[in-house]
Amino acid sequence: KYVKDYRIEDRMGPKGRPISDSVYIGSYFAYANQEAALQAARRLPQLIAGATLCTICAMLPACRYYRQLYTTIPMLLLLPALYLLWASVFRMKTAKAPFIREDKDKIAVRMQTGAAYLLVMSVITALCGAAYLIWGGAEGWDYACFGMELLRIVFAAVIFRLRKLPAMKELPKEEAFN
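Structural notes, computed from the coordinates. (Residues numbered from 1 in each chain as written. Predicted model: local features only at pLDDT ≥ 70, side-chain atom pairs only at ≥ 80, totals over all residues. Heavy atoms only, no water.)

**Some points on the overall build of the chain**
- When you go through the chain residue by residue, the secondary structure sums to five helices and five strands.
- Ordered by position from the N terminus, the helices and strands of the chain form the series β-β-β-α-α-α-β-α-α-β.
- Summarising its shape, the C-alpha atoms of the chain cover approximately 75 × 40 × 20 Å along the three principal directions.
- Carbon and sulfur atoms make up 63% of the accessible area of the chain, which totals about 10300 Å².
- Here the chain holds 23 positive side-chain charges and 14 negative ones, and the gap between their average locations is 3 Å. (Helix = DSSP H or I, 4+ residues; strand = E, 2+ residues; numbered from the N terminus. Areas by Shrake-Rupley, 256 points an atom, 1.4 Å probe, with all protein chains shown as cover. Lys, Arg positive; Asp, Glu negative; His and termini not counted. Charge placed at Lys NZ, Arg CZ, Asp CG, Glu CD.)

**A short note on the packing of aromatic side chains**
- All told, the structure shown has three aromatic pairs when counted by the stated rule.
- When the ring of Tyr6 is compared with that of Tyr24, the centres are 5.3 Å apart and the planes differ by 75°; the resulting orientation is edge-to-face. With Tyr6 in strand S1 (residues 6-12) and Tyr24 in strand S2 (residues 18-24), the pair connects residues that are 18 residues apart, well separated along the chain.
- You can call Tyr24 buried: its relative accessible area is 15%.
- Members of the aromatic cluster, connected to one another through ring pairs, are Tyr6, Tyr24 and Tyr28. (Phe/Tyr/Trp six-rings, centres within 6.5 Å; stacked < 30°, edge-to-face > 60°. Buried < 20%, exposed > 50% of the residue type's maximum accessible area, 1.4 Å probe, protein only.)

**As for the environment of Arg101**
- For Arg101, the location among the structural elements is in helix H4 (residues 101-135).
- For the pair Arg101 and Lys169, spaced 68 residues apart in sequence, the C-alpha to C-alpha distance is 11 Å.

**What to know about the packing of helix H1 (residues 34-59) against helix H5 (residues 140-162)**
- Following both chains from N to C, one finds H1 and H5 inclined at 160°, their axes separated by 9 Å at the closest point. By the angle between their directions, the pair H1 and H5 is classed as roughly antiparallel. The chirality of how H1 crosses H5 is left-handed. Counted together, Arg43, Leu44, Leu47, Ile48, Gly50, Ala51, Cys54, Thr55, Cys57 and Ala58 of H1 and Cys145, Met148, Glu149, Leu151, Arg152, Phe155, Val158, Ile159 and Leu162 of H5 form the full contact between these two elements. (Axes fitted to C-alpha atoms, helices over the stretch in contact; angles between N-to-C directions. Parallel < 35°, antiparallel > 145°, perpendicular 65-115°, else oblique. Left-handed = near helix turned anticlockwise from the far one by under 90°. Contact = heavy atoms within 4.5 Å.)

**So, the state of the cysteines**
- For the coordinates displayed, the defined rule picks out zero disulfides.
- Cysteine Cys57 remains unbridged, with the sulfur of Cys54 as its closest cysteine sulfur at 7.0 Å. (Disulfide = S-S within 2.5 Å.)

**Things to note about the pairing of strand S3 (residues 28-31)**
- Relative to strand S4 (residues 99-100), S3 runs antiparallel, the two being bridged by two bridges. Pairing of Phe29 across the sheet is with Phe99, part of S4.
- Both S3 and strand S5 (residues 168-171) contribute to a ladder of four bridges, which runs antiparallel. Across the sheet, the residue bridging to Phe29 is Glu170, located in S5. (Pairing = 2+ DSSP bridges.)

As structure tokens, this is what we get:
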């Protein structure tokens, strides 16, 4: 995917052996709005942690809610979305500007994909939970698990709203290292 962004350069090593190095020749990127990106770096980990805790807490009680296939499968399908969001936030905190194309994809693109996927799967999971509460004979902990589903939708909606804060723009070559 990123092959066109690199060039192979050959040089002689210290013992006279040829050494091949890859040199980045692709575009460099920076946050479109630095203030918004810093705000996202502070708020998104807290929101993603809240969504992750809602997912874990909803699965902990030994209730019939998650013994149903139609409530368990959507819950498990939330895990890739949470992974994408955590990976994006981790890369946002560790990558140094100016960013290369790989960093841009792993920050901005993963954030948008993960946020949309989390919101859609949270709504689907809540709808499946509502179907169980209506037709499945819900009991005590089932309502608490469903409450966690609804709370996760709130977290997912806020994450979805903030998903474009770490958007990036391409830098001209002369501005990349200034």
